[in-house]
Amino acid sequence: MAKTFDLKDDSVVVVIGSGAGGGTLANELAQIGVDVVCLEAGERLSITDLRDYSQADSMLGRLTWLDKRIGTGDLHAALPLFVCKTVGGTTVQWAGATLRFQEHEFKTRTVYGDIEGANLLDWPLSLRDLEPFYNEAEDKMGVTGTHGIPRLPGNNNYRVLEAGARRIGYQSVHTGNMAINSEPRDNRPACRQIGFCTGGCAIGAKWSTLYTEIPKAEATGHFELRPNSMALRLTHGSQGCIDGVIYADNAGNHFEQKTRAVCVAGNSVETPRLLLNSESYEFPQGLANTSGQVGRNFMRHTTGTVYAIMPGRVSFERGTQMAGVVTDESAFDPRRGFVGGYEIETLPGFGLVNLATNLSPSAWGSDYAQILEKYEYFAGLWLVGEDLPQASNGVTLHPTERDQHGLSVPMIHFIDHPNDVAMRTHAFRSGRAIYESLSAESVFELPPGPSTHNMGTCRQSEKPRDGVCNAYGQCHDIPNLFISDGSQFTSSSAENPTLTIVALAIRQARYLADRLRRGEM
Amino acid sequence: MRHYAAAVDTLRKKSHACTAINDLLLDVVAHVDAAHGLPWVDLSADARRAVLVSLERTAFFPVLRTMIIASLYGNPEVQKMFGYGGSSVEFGGYIGRGFDDIDWLSDN
Ligand SMILES: Cc1cc2nc3c(=O)[nH]c(=O)nc-3n(C[C@H](O)[C@H](O)[C@H](O)COP(=O)(O)OP(=O)(O)OC[C@H]3O[C@@H](n4cnc5c(N)ncnc54)[C@H](O)[C@@H]3O)c2cc1C
Ligand code: SF4
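Cut-off values and rules
Residues numbered from 1 in each chain as written. Chains lettered and ligands numbered in written order. Predicted model: local features only at pLDDT ≥ 70, side-chain atom pairs only at ≥ 80, totals over all residues. Heavy atoms only, no water. Helix = DSSP H or I, 4+ residues; strand = E, 2+ residues; numbered from the N terminus. Buried < 20%, exposed > 50% of the residue type's maximum accessible area, 1.4 Å probe, protein only. Lys, Arg positive; Asp, Glu negative; His and termini not counted. Salt bridge = Lys/Arg side-chain N within 4 Å of Asp/Glu carboxyl O. Contact = heavy atoms within 4.5 Å. Expected span 1.5 Å × (residues − 1). Arc of directions from axis to C-beta. Pairing = 2+ DSSP bridges. Axes fitted to C-alpha atoms, helices over the stretch in contact; angles between N-to-C directions.

> Just checking my understanding: could you explain the side chain of Asp485 of chain A for this structure?
Residues and elements named next belong to chain A. Here Asp485 shows up in the loop between strand S17 (481–483) and helix H11 (498–517). Buried charge Asp485 goes without a salt bridge, the closest partner of opposite sign being Arg69 at 9.6 Å. Ignoring anything within four residues of it in the chain, the contact list for Asp485 reads Val264, Ala265, Gly266, Asn267, Ser268, Thr271 and Ile501.

What follows is the structure in C-alpha cells.
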C-alpha cells in the first residue's frame with residue numbers, strides 16, 4: 001500500500017518534517033488524493049520502541065534533536081530547544097495539552113497597542129476563520145472536553161492544584177483539554193495513567209502523528225515517508241518557484257527530489273534555517289526573505305515551574321503529566337501590569353533524578369538531600385503564557401561552524417521582553433499562592449528550561465513587508481513554498497501551540513489542494 | 001551510607017570505562033586531599049564540607065554533582081526508600097495503583 005515516488009517525479013508535493021504540522025498536512029493532502037513525499041530527518045520507531053523513561057534516560061537520547069545548536073541570551077547555550085528528531089516529531093514527546101487561542105490573541109497589535117521593543121502584528125486571520133478547523137483538529141486528535149469526549153480523571157497532582165486554586169478563588173479549573181484518549185477512540189486505547197507521557201506513550205493513548213496521521217496517509221496510496229532524510233536546501237527555477245529539494249541520508253549520500261510545491265514543517269529553528277541555507281544568486285538573503293523577517297520574532301512562551309513540598313503525600317509521578325489546568329489568568333487584563341495572559345498546568349518532577357538535578361541547579365549537601373527525601377510530598381505546576389515577538393530574537397546562521405551535513409549551524413537568540421518578566425513574576429506569585437493556601441512547607445520557583453513551544457520565525461502577515469507568509473502559510477515571495485508549522489505564528493498566545501499548528505495544517509491542505517486542482521502550481 | 005557507597009562504586013565503574021571520567025575523578029581526589037594539608041579521609045565532617053564549598057566554583061564540581069545525582073537517585077533501592085514509583089508500563093499503569101489515592105485534602 002505504502003507508495004514510492006521517483007526522484008524525478010515533479011508532480012509530488014514535498015513535506016519536510018513529520019511532526020504536528022508536517023504529519024498532519026501530509027495526511028490531509030493524501031486523503032484528498034494529492035501525492036506527497038515526506039522527508040523526515042529522524043528514524044522511524046514503532047510504538048513498541050516507546051518505553052517510559054522513568055528509569056533510564058535512553059529514550060530521551062534517542063528522540064531528542066541533538067545536532068549542534070548555539071543558544072544565546074536567556075537560552076541554554078548547548079540545548080536551547082527541547083524538540084524531537086524522529087518520525088512523529090515532537091508529538092512523540094509532547095504532553096497533549098490542546099487549547100484554542102482566544103479571539104483577541106489574533107489581534108495583539110490592535111488590542112495591546114504599540115509596546116516599546118515588541119514587534120507586534122495582527123494575524124491576517126481571525127478566530128472565526130480558524131474555528132471550523134479547530135473543530136476538525138479536536139475531533140481528529142480526540143481532545144477531551146470537546147465533541148462530547150469525557151475529560152480524564154484527575155490524578156493526585158491535579159487534585160492538589162485544584163484544591164489550592166479554588167481556595168484562592170480561581171473558578172476555571174479542570175483536567176484540561178487533552179489529546180489523550182479518555183475512552184477507546186480511533187483504534188487507540190484509553191489512557192492507563194502510566195505517567196511519563198513525555199517519554200512517548202507506550203500504548204498510544206496520546207495522539208502522535210507517528211501512529212495516527214502517518215499510517216493513515218500511507219493507507220491512501222498517495223504518500224511516501226522517507227525517514228533518515230535531512231532536507232539540506234531548496235532549489236528554484238528561473239521563475240523563482242521551488243522545483244526541488246536536496247536531502248541527505250544517514251550515510252551522507254545526497255539526493256534531489258523534484259517537486260511541485262514544498263511545505264516546510266521542521267519546527268521553528270529548522271524551518272527558517274532551511275530557507276536561510278537555501279540562499280541563491282536571486283535570493284541572496286535566503287528564500288522568501290525580501291521582508292527580512294525570516295528567522296525573526298522567535299517566541300517560546302513565558303514559562304516557569306513551581307514545585308512545593310505539601311503537608312501530605314502526593315506521589316506526583318503517577319498518571320498523566322499534564323493532568324489539569326487553571327485558565328483564570330489567561331484573559332487579557334492589563335491591570336496586572338502586563339499584556340497577554342498565562343495558563344497554570346500541572347507538571348510532575350520527571351522522575352527522582354531529574355527533580356534532584358533541576359530543583360535547585362547548584363544545590364548539594366545534607367540540607368539539599370533532606371529536601372529530596374520529601375520526594376513523595378512534592379506537587380508541581382507549570383506556568384505558560386504569551387511572550388511578545390521581538391525583531392532581534394531569532395535564528396541566524398553561524399558564519400563558520402558547520403554541522404555533520406556541512407550546513408551552517410543555527411544560532412538562536414532570545415531575551416525576555418520586560419512584559420515577559422512582569423508576567424513571570426505575577427505567575428510565580430500565583431503558583432506559590434496555590435500551594436501556600438494548602439500549607440505547603442516550602443515552595444521552589446524554577447526558571448525556564450530549554451524551549452519546548454517554538455513559534456514565530458516565519459510569521460504570517462497581511463502585508464508582504466511585515467512577515468514571510470499569508471494567512472494560509474503561503475510565502476509572499478514564492479507561491480509554491482509553504483510554512484506549515486509553528487514558525488508561521490504571528491503571536492504566541494497563552495495556549496500551548498500544537499492544536500493551532502494542526503488546525504492551520506488542515507486549513508493549508510485544503511487551500512493547497514484547491515490551487516493544485518486549478519493548475520496554479 | 002550503603003547507598004552512598006553504591007553511588008561511588010557506580011562512578012568507579014564508569015571511570016574504568018572512560019578515561020575522561022577517570023581523569024576528572026583523579027583531579028577531584030587530588031583537590032580534596034590537598035585542600036587542608038590532611039588527606040580527605042582524616043578530615044572531620046565540618047572540614048570536609050568546608051573543602052567542598054571551596055571547590056564549588058571549579059569546572060568539575062557541577063559535573064561531579066550531576067554524576068552523583070544520577071547514580072545515587074537513579075538507584076532503584078534509593079527510589080523505593082523515597083517512595084518514587086518509577087516506571088509503570090509493566091504493571092499496566094497507575095490506573096489501579098493509586099494515581100488518585102490522595103487522602104489529606106479536605107473538601108472545602
Ligand atoms: C516535553 C514537551 C512537551 C510538550 N507538550 C505540549 C503540550 O502539552 N501541548 C502542546 O500544544 N505542545 C506541547 N509541546 C510542543 C509540541 O510538541 C510542538 O508544538 C509541536 O510538536 C510542533 O510541531 P512542528 O510540526 O512544528 O514540529 P515537530 O513536531 O518538532 O516536528 C518537526 C520535525 O521535522 C523534522 N525536521 C526538522 N528539520 C528537518 C529537515 N531539514 N529535514 C527533514 N526533517 C526535518 C524533525 O526531525 C521533526 O521530526 C511539547 C513539547 C515538548 C518537547
Ligand atoms: S499517562 Fe496516559 S497518555 Fe500519558 S503515557 Fe500514560 S497512557 Fe499515555
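Right, picking up where we left off after that structure.
> Would you mind showing me how to read helix H1 (residues 2–17) of chain B here?
One turn of the α-helix equals 3.6 residues, which is why residues spaced by three or four share an orientation. Residues and elements named next belong to chain B. For H1, which comprises 16 residues, the first-to-last C-alpha distance of 23 Å matches the rise-based estimate of 22 Å (1.5 Å per residue) to within 8%. All of the buried residues in H1 are His3, Ala7, Leu11 and Ser15. With its buried residues spanning 135 degrees around the axis, H1 presents them on a single face. Residues Arg2, Lys13, His16 and Ala17 are exposed on H1 and point more than 90 degrees away from its buried face.

> I keep staring at the sheet that holds strand S3 (residues 70–73) of chain A and nothing clicks. Help me out?
To summarise the sheet geometry, strands pair through backbone hydrogen bonds and adopt either a parallel or an antiparallel arrangement. All names here are of chain A. Across the sheet, 3 strands lie side by side as S3-S15-S14; this open sheet has mixed pairing. Either end of the sheet is taken by a strand with one partner, and the two such strands are S3 and strand S14 (394–402). Each strand axis lies, on average, 30 degrees off the axis of its neighbour in the sheet, ignoring direction. When S3 meets strand S15 (residues 408–414), the two strands line up parallel, connected through 4 bridges. The partner of Ile70 across the bridge, within S15, is Met411.

> What am I meant to see in the environment of Gly394 of chain A here?
All names here are of chain A. Structurally, the position occupied by Gly394 is in strand S14. Spatially, the C-alpha atom of Gly394 lies 8.4 Å from that of Val269, the residues being 125 residues apart in sequence. Ignoring sequence-local partners within four residues, the contact set of Gly394 consists of Gly295, Phe298, Met411, Ile412 and His413.

The values reported here are purely geometric and, on their own, carry no functional implication.
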